[in-house]
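Architecture and fold: a report
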Amino acid sequence: MPIVTVQVTREGSAPGRKSVTPEEKAAIIEGVSEVLLNVLSKPLESTYVVIEEVDLDNWGWGGLPAEQYRRIRAAAQS
């Protein structure tokens, strides 16, 4: 029985949104379950997918908070 945890930032996928939609979560669950079926032959009914939404200010990479890193990256691409 595989259990997969997926973490996403709690900001949504479009401007002005503050979370991932139920439809997007359903697509994540379906997609992850299909990967485990196709790669490890794990039946869909035995695969559990947990989605954790993390506040953006609790997320970072490159040694920086996510928003600061994104600003620097956007400025460098301009």
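As annotated in an unreviewed UniProt entry, the protein carries the name 4-oxalocrotonate tautomerase and is attributed to Sinorhizobium fredii. The UniProt entry for the protein carries the following text under Sequence similarities (unreviewed entry): "Belongs to the 4-oxalocrotonate tautomerase family."

A word on the pattern of salt bridges
Charged atoms that come close allow side chains of opposite charge to pair. On inspection of all chains with the given rule, the structure shows 4 salt bridges. Notably, a salt bridge pairs glutamate 11 with arginine 70, separated by 2.9 Å at the nearest N-O pair. Taken together, the residues glutamate 11 in the loop between β1 (3–10) and α1 (22–40) and arginine 70 in helix α2 (residues 66–77) connect sequence positions 59 residues apart. Under the relative-accessibility criterion, glutamate 11 is labelled partly exposed at 21%. The class for arginine 70 is partly exposed, based on a relative accessible area of 34%. A salt bridge links arginine 17 to glutamate 24; its shortest N-O distance comes to 2.7 Å.

Side note on the side chain of threonine 47
Topologically, threonine 47 is positioned in the loop between α1 and β2 (48–55). When sequence neighbours within four positions are dropped, the list of residues in contact with threonine 47 reads Pro2, Ser33, Leu36 and Lys42.

Considerations on the pairing of β1
Summarising the sheet, β1 and β2 pair through 8 bridges and their orientation is parallel. Across the sheet, the residue bridging to valine 4 is valine 49, located in β2. Since β1 and β2 lie parallel, the crossover through α1 that links them has a hand, and here it is right-handed.

Section: unusual backbone geometry
Of note, the phi angle at serine 41 is positive, near 55 degrees, even though the residue is not glycine. Examined against the element boundaries, serine 41 turns out to sit in the loop between α1 and β2.

A few points about the environment of serine 33
For serine 33, the position within the fold is in helix α1. Distance in space between the C-alpha atoms of serine 33 and proline 43 is 8.3 Å, their sequence separation being 10 residues. Those residues in contact with serine 33, other than ones at most four positions away along the chain, are Leu44, Thr47 and Val49.

Criteria and thresholds
Residues numbered from 1 in each chain as written. Predicted model: local features only at pLDDT ≥ 70, side-chain atom pairs only at ≥ 80, totals over all residues. Heavy atoms only, no water. UniProt positions renumbered as here; feature names shortened; annotations may be inferred. Salt bridge = Lys/Arg side-chain N within 4 Å of Asp/Glu carboxyl O. Helix = DSSP H or I, 4+ residues; strand = E, 2+ residues; numbered from the N terminus. Buried < 20%, exposed > 50% of the residue type's maximum accessible area, 1.4 Å probe, protein only. Contact = heavy atoms within 4.5 Å. Pairing = 2+ DSSP bridges. Right-handed = clockwise from strand over helix to strand, strands pointing away.

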